[in-house]
Amino acid sequence: MAQAKLKIGIAGAGLMGRLLAWRLSEKGHQVTLFESGSLEKPAGACHTAAGMISPLSELFHCPLPVYQLGMQSLQHWPSWVSQLEQTTGTNVDYREKGSILIAHPQDRNELLQFQQELNAKLGPENRDQLQWLDNNSLRNLEPELDRFDQGLYLSSEADIDNRKLLPALLKAIKQNKIEICENTPVDCTPEIIQTKNGSEHFDLVIDTRGLGAKNQISRLRGVRGEVMVVETPEVQLNRPVRLLHPRYQLYAVPRANNQTVIGATEIESEDMSPISLRSTMELSSALYSIHPAFAEARVIETRVNCRPATMDNLPVVESEPGLIRINGLFRHGYLLGPALVVQTETEISRLTQATQQVT
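Starting afresh in each chain, residues are numbered from 1 along the sequence in its written order. Restriction of local features to residues with pLDDT of at least 70 applies here, the model being predicted, together with a cutoff of 80 or more for giving and counting side-chain atom pairs; totals for whole chains, interfaces and linings are based on all residues. Excluded from the side-chain calculation are hydrogens and water; included are all heavy atoms of the structure.

J.: Now, about the side chain of Thr-32: what can you tell me, with residues and values included?
T.: Each helix is a run of H or I in the DSSP string that is no shorter than four residues. Each strand is a run of E no shorter than two, and both are numbered from the N terminus. Residue position: Thr-32 is located in strand β2 (residues 30–34). Residue class for Thr-32 comes out buried when judged on its relative accessible area of 2%. Two residues qualify as a contact provided that any one of their heavy atoms is within 4.5 Å of a heavy atom in the partner residue. Not counting residues up to four positions away in its chain, the partners in contact with Thr-32 are Ile-8, Gly-9, Ile-10, Ile-178, Glu-179, Cys-181 and Phe-202. Three exposure classes are used, based on accessible area relative to the maximum for each residue type with a 1.4 Å probe and protein chains only: buried under 20%, partly exposed in between, and exposed over 50%.

J.: Summarise the environment of Ile-262; cite the residues concerned and give the values.
T.: By secondary structure assignment, the location of Ile-262 is in strand β17 (residues 259–263). On a C-alpha basis, the gap between Ile-262 and Ala-252 in space is 4.5 Å, while along the polypeptide they are ten residues apart. Setting aside chain neighbours within four positions, we find Ile-262 in contact with Glu-226, Val-227, Met-228, Val-230, Leu-250, Tyr-251, Ala-252, Leu-283 and Leu-287.

J.: Kindly report on the side chain of Arg-242, identifying the contributing residues and their values.
T.: Here Arg-242 lies in strand β15 (residues 241–243). A 3.5 Å cut-off defines polar contacts: any pair of N or O atoms within that distance qualifies, except that in protein one atom must be a possible hydrogen donor and the other a possible acceptor, and neighbouring residues in sequence count only when both atoms are side-chain atoms. At a separation of 3.3 Å, a polar atom in the side chain of Arg-242 contacts the side chain of Ser-57. Non-local contacts of Arg-242, meaning those with residues more than four positions away in its chain, are made with Met-52, Ser-54, Ser-57, Glu-58, Ile-100, Leu-101, Ile-102, Gln-249, Leu-250 and Tyr-251.

J.: Could you give an account of the packing of helix α4 (residues 64–88) against helix α7 (residues 162–175), with specific residues and numbers?
T.: Lines fitted to the C-alpha atoms define the axes, with helices restricted to the stretch that makes contact. Angles between their N-to-C directions range from 0 to 180 degrees. The N-to-C vectors of α4 and α7 enclose an angle of 60°; their axes lie 10 Å apart at closest approach. As far as their axial angle goes, α7 and α4 are oblique. For the element pair α4 and α7, the recorded crossing hand is left-handed. Contact residues: α4 offers Trp-77, Leu-84, Thr-87 and Thr-88, while α7 offers Leu-165, Ala-168, Leu-169, Lys-171, Ala-172 and Gln-175. Amino acids are sorted into nonpolar (Ala, Val, Leu, Ile, Met, Phe, Trp, Tyr, Cys and Pro), charged (Asp, Glu, Lys and Arg) and polar (every other residue, Gly among them). Counted by class, the contact of α4 with α7 contains six nonpolar, three polar and one charged residues. Roughly parallel covers angles under 35 degrees, roughly antiparallel covers those over 145, roughly perpendicular covers 65 to 115, and oblique covers all other angles. Rotating anticlockwise by less than a right angle from the far helix to the near helix defines a left-handed crossing, while the corresponding clockwise rotation defines a right-handed one.

J.: Quick rundown of the packing of helix α1 (residues 15–26) against α4? Include the residues and the values.
T.: Orientation of α1 relative to α4, taken along the N-to-C sense of each, is 75°, at an axis distance of 13 Å. Classified by the angle their axes make, α1 and α4 are roughly perpendicular. Contacts between α1 and α4 involve Leu-19, Trp-22, Arg-23 and Glu-26 from the first element and Trp-77, Trp-80, Gln-83 and Leu-84 from the second.

J.: So what about the sheet that holds strand β6 (residues 130–133)? Which residues, and what values?
T.: For two strands to count as paired, DSSP must find a minimum of two bridges between them. Strands sit in the order β6-β7-β5-β15-β16-β17-β14-β18 across an open sheet of eight strands; the sheet is mixed. Edge positions in the sheet fall to β6 and β18 (298–309), since each of these pairs with one other strand and no more. Taking the axes of each pair of neighbouring strands and ignoring which way they run, one obtains an average angle of 25° across the sheet. The pairing of strand β16 (residues 250–255) with β17 spans five bridges and is classified as antiparallel. Counterpart to Ala-252 in the pairing with β17 is Ile-262. Packed onto the sheet, helix α5 (residues 108–122) meets β5 (99–102), β6 and β7 (151–154) and runs at close to 155° relative to β6. Across the sheet, helix α8 (residues 277–290) touches β5, β14 (221–231), β15, β16 and β17, and the angle it forms with β14 is around 50°.

Keep in mind that these numbers describe shape and distance, not what the molecule does.
Okay, here's the thing in structure tokens:
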């Protein structure tokens, strides 16, 4: 029996909304995508993020399900990016070179603790994903890190340029003739999306509005994150680098045009004001400690946003007849996105099969 094609309304055009709209339209469903702001100029956490797909790095702080979903996502990203690039004629810049963790000599115990905890969580069968680097092997992977004598290489991790991915997804959505309703705040109930102009009926509503759904998902909270983008031709990294420190962890993600995205802040606040002086100084000094040539880098952008999160930092995936809610991805949007899309596709298949059996 062929699967029924549904009329689906998706609320929220961040990463999850765009991925779902694209993938579900590829399966022949009739999709309408609603966004409270602009799709051309997204303002959500997905636009601010650094695009790291790092299940191992996150396992140190997060529950095992985040790692497991992240490993599932890593299986889908390469083929999805390839399809996007072919159909839209754009370059998304997906990179599978792993990531490196480093620490200054006085903080070597941070590396050892990270290694020991990950080994304990991964078990013997998965420990090959984690490789201890001495000075020579570290320099072979990242010649610019010549100030460090040891590090950890997480070979299975990846990263993606979100500033190229989001426009590519929008282009694919438009190519698939998806109806787009931007600058349109909505409320979601089973089978109904309510706008200021009235309500529209769907076979299924998918709510991916992030903090926009806080009035309907009471356990959501916002976690402020601050990011800087610097530019210099003097430092050429090949993959994301994380600096472990007793007080914070800095990440530095190289991008095209001699740019590096840096961040670390995680503040329990829904404040959306510009980056603080304290954060700017801490990020800058930590970056300088990675390589002194960063001292002459130009700060070309600062980004601030609030990530939607739950109290346990696990995603919200709730399903009832006519409504699926996906939220609370915290800092794991690019890590969890594809796995949650596939999970949603499976749930839609189950729902449609159940409906066909009843009818």
